[in-house]
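Letter by letter, the chains look like this.
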Amino acid sequence: MSEPLLQAINLECERDERTLFRNLSFSILPGTVTRVEGPNGSGKTTLLRILAGLNDAWTGELLWCGEPRRLRRESFLRNMLYLGHRPGIKPLLTPLENLRALTAGRYPMDDEVLLRALSGTGLDGFEHVPSRNLSAGQQRRVALARLLIADEPLWLLDEVFTAIDVQGVEAIEALLQQRAEEGGAVVVTTHHDLDLPAMQRISLGEGDWDDS
Ligand SMILES: Nc1ncnc2c1ncn2[C@@H]1O[C@H](COP(=O)(O)OP(=O)(O)OP(=O)(O)O)[C@@H](O)[C@H]1O
């Protein structure tokens, strides 16, 4: 069996004196898609940000390719793509300019490649329009165009289906599956029902919805 890309051992996180999770252990193996699930406020975004190295309010251990992540920070950051629950694009820039900015530091690409990625997310004809003039779903698609050019083996994706239509969701599902089949791994939070074979699940918290 191949070595996990990422391993969480006894993770614990407390927020405002409330324990979000404790003794949380799991392995993210190459070739897998893992869904983090749980009700609103159960800690899905928090967990994803911890995995991405964006939140330090936790205890436990995280291993990257078998070694403590803190000792392999550069390798981890080079091989991980995190997309947060906000599209994270600049409203004054066009989709093409946004994609240039988002990829410049990591893998500078010819505009031709970027335009193909925008076309792949259904943004033909909108490449040069200020992003503030796009719909919520189209703005999300600008951010998602990164998935068509990303070469990082580990994707951490937080609620990336928000505002995306049915066809778009299917296209993203296919991309996640493809990343896994190529030997990468995907961890995704979503309230959508994902239709992927052999998906792993990490379940957080129980709802405290009071409908009495
Ligand atoms: N920076 C912060 N400081 C204090 N508490 C926080 C912070 N960020 C999140 N929390 C709290 O942590 C809990 C979990 O939040 P989180 O966003 O991880 O939940 P979630 O499962 O992703 O929720 P949703 O399904 O609504 O997106 C919430 O109660 C939230 O108020």
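Under an unreviewed UniProt entry, the name given to the protein chain is Cytochrome c biogenesis heme-transporting ATPase CcmA, and the source organism is Marinobacter koreensis.

For the rest of this paragraph, the subject is the overall build of the protein chain. Broken down by element type, the protein chain carries six helices and nine strands. Against the 2.2 N^0.38 benchmark of 17 Å for 212 residues, the protein chain shows a C-alpha radius of gyration of 18 Å, consistent with a compact globule. Each of the three principal axes of the protein chain carries a C-alpha extent, and together these read 50 × 50 × 35 Å. In the protein chain, buried positions account for 33% of the 212 residues. Put simply, 70% of the contacts in the protein chain that link residues at least 6 apart link residues at least 24 apart.

What follows covers the site of the ligand. Taken together, R15, D16, L20, G38, N40, G41, S42, G43, K44, T45 and T46 make up the full set of residues near the ligand. Residue contributions to the shell around the ligand peak at three residues, all from helix α1 (residues 44–52). Tallied by class, the residues present in the shell around the ligand amount to one nonpolar, seven polar and three charged.

Moving on to the sheet that holds strand β8 (residues 185–189). The strand order across the open sheet formed by five strands is β6-β7-β8-β3-β9, and the pairing between neighbours is parallel. In this open sheet, the two strands that pair with only one neighbour each are β6 (80–83) and β9 (200–203). With direction set aside, neighbouring strand axes in the sheet form an average angle of 15°. Pairing of β6 with strand β7 (residues 154–158) involves four bridges; the strand directions are parallel. When the sheet's bridge partners are listed, M80 is paired in β7 with L154.

A few words now on α1. Of all nine residues that make up α1, seven are buried, and the element is covered over most of its length. All of the buried residues in α1 are K44, T46, L47, L48, R49, I50 and L51. Buried residues in α1 make contact with β1 (6–15), β2 (18–28), β3 (32–37), β7 and β8. Just beyond α1, the residue with positive phi is G53, at close to 85°.

If a residue is not glycine, its phi is most likely negative; likewise, a peptide bond is most likely trans. Within the chain, N23 stands out as a residue other than glycine whose phi angle is a positive 50°. Summarising the element assignment, N23 is placed in strand β2. On the neighbour-count criterion, N23 (9 C-beta atoms within 10 Å) is exposed. The phi dihedral of A198 falls on the positive side, at around 50°, and the residue is not glycine. For A198, the position within the fold is in the loop between β8 and β9. Judged by the 9 C-beta atoms lying within 10 Å of it, A198 falls in the exposed class.

Conventions we followed
Residues numbered from 1 in each chain as written. Predicted model: local features only at pLDDT ≥ 70, side-chain atom pairs only at ≥ 80, totals over all residues. Helix = DSSP H or I, 4+ residues; strand = E, 2+ residues; numbered from the N terminus. Rg over C-alpha atoms; globule rule 2.2 N^0.38 Å. Buried ≥ 20, exposed ≤ 12 C-beta atoms within 10 Å, placed from the backbone. Contact = placed C-beta atoms within 7 Å. Near = placed C-beta within 6 Å. Nonpolar A, V, L, I, M, F, W, Y, C, P; charged D, E, K, R; others polar. Pairing = 2+ DSSP bridges. Axes fitted to C-alpha atoms, helices over the stretch in contact; angles between N-to-C directions.

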